[in-house]
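Structural features, examined
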Amino acid sequence: MYDVIVVGGGIAGLVNSILLSRSGLKVALFEKKSYPFHRVCGEYISNEVKPFLVRNELFPEELNPTEIANFRLTSINGKQAQLSLKMGGFGISRFSFDHYLFQQAESAGVEVYQNSVVIDVRMTDDFFYVATKSQVYETRLVIGAHGKRSVLDKT
Ligand SMILES: Cc1cc2nc3c(=O)[nH]c(=O)nc-3n(C[C@H](O)[C@H](O)[C@H](O)COP(=O)(O)OP(=O)(O)OC[C@H]3O[C@@H](n4cnc5c(N)ncnc54)[C@H](O)[C@@H]3O)c2cc1C
């Protein structure tokens, strides 16, 4: 029996699982893909979240994120407009960042099930059943971090 099962290993699921596991809970995370993998993403992360990542030792300094302070819009005929970004952000490959967070999750003691699609979540009075194609797991709590395009989101 787990304390928490996290469904989905994007940024939300990985960060949740790391912090909960560090706080002493028995946590499992299910991700349907296998790390590392590419995501469709602009790969710009606002500095709004940097203090949170630094505070929790999750800022990926060793991946050399690029500081981004300006925004430039160009048209196909060469016209351009530029403005400086007040808060700014950092640029980082999601392939690398998600893989880094996955490694942090494993170090924090999260049981990560890769290539594992959660097909159903059921609630009883006392706990949840979380089912993959091959097995059913029991847990006190479930966090749905499967993103808004998951079939699970509809059910
Ligand atoms: C084209 C595009 C560009 C973007 N660019 C930026 C950007 O530059 N900067 C920015 O900050 N944000 C950007 N975003 C938004 C950003 O990608 C999302 O806000 C962020 O990924 C949401 O994280 P998440 O962890 O909630 O969900 P997701 O990243 O969607 O992660 C969900 C995870 O759950 C897994 N999953 C789903 N269903 C199941 C299941 N049944 N069982 C097991 N696993 C499952 C998926 O494989 C996935 O890994 C962009 C989004 C798009 C579409």
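Shown above is the structure to which this text applies.
Residues numbered from 1 in each chain as written. Predicted model: local features only at pLDDT ≥ 70, side-chain atom pairs only at ≥ 80, totals over all residues. Heavy atoms only, no water.

Points about the overall build of the protein chain
Helices and strands together make up the secondary structure of the protein chain, namely four helices and nine strands. Counted from the first residue to the last, the protein chain has its helices and strands arranged as β-α-β-β-α-β-β-α-β-β-β-β-α. C-alpha atoms of the protein chain, sized along the principal axes, occupy 60 × 35 × 25 Å. A buried classification covers 35% of the 155 residues belonging to the protein chain. Restricting the contact set of the protein chain to residue pairs at least 6 apart, pairs at least 24 apart contribute 63%. Accessible surface computed for the protein chain: about 9900 Å², of which carbon and sulfur atoms make up 51%. Each charge class in the protein chain was averaged separately, 17 positive and 16 negative side chains, and the resulting centres sit 10 Å apart. (Helix = DSSP H or I, 4+ residues; strand = E, 2+ residues; numbered from the N terminus. Buried < 20%, exposed > 50% of the residue type's maximum accessible area, 1.4 Å probe, protein only. Contact = heavy atoms within 4.5 Å. Areas by Shrake-Rupley, 256 points an atom, 1.4 Å probe, with all protein chains shown as cover. Lys, Arg positive; Asp, Glu negative; His and termini not counted. Charge placed at Lys NZ, Arg CZ, Asp CG, Glu CD.)

Comments concerning the layout of surface pockets
By volume, the largest pocket is sized at about 660 Å³. Taken together, 27 residues make up the lining of the largest pocket; nearest its centre are Lys 32, His 146, Gly 147, Arg 149 and Ser 150. Of all the elements in the fold, those that place two or more residues in the lining of the largest pocket are helix 1 (11-22) and helix 4 (151-154). Element by element, the count of residues in the lining of the largest pocket is highest for helix 1, at three residues. (1 Å grid on protein atoms, 1.4 Å probe; cavity = no way out; pocket = protein on both sides within 12 Å on 5 of 7 lines; lining within 4 Å. Points joined across faces, edges and corners; volume = space filled by probe spheres on them.)

Overview of the site of the ligand
Taken together, 26 residues surround the ligand, and among them Glu 31, Arg 39, Gly 42, Tyr 44 and Val 118 come closest. Here a nitrogen atom of the ligand sits 3.2 Å away from a polar atom, N or O, in the main chain of Lys 32. Contact with the protein chains covers 65% of the free accessible surface of the ligand, which is 1000 Å². Because more than half of its atoms lie within 2 Å of the grid, the ligand is assigned to the largest pocket. (Near = heavy atom within 4 Å. Polar contact = N/O pair within 3.5 Å; in protein donor to acceptor, adjacent residues only side chain to side chain. Sits in = over half its atoms within 2 Å of the grid points.)

Notes on the side chain of Arg 94
Position of Arg 94 relative to the elements: it lies in helix 3 (residues 94-107). If near-sequence neighbours (up to four positions away) are discounted, Arg 94 is found in contact with Ile 11, Arg 39, Cys 41, Glu 43 and His 99.

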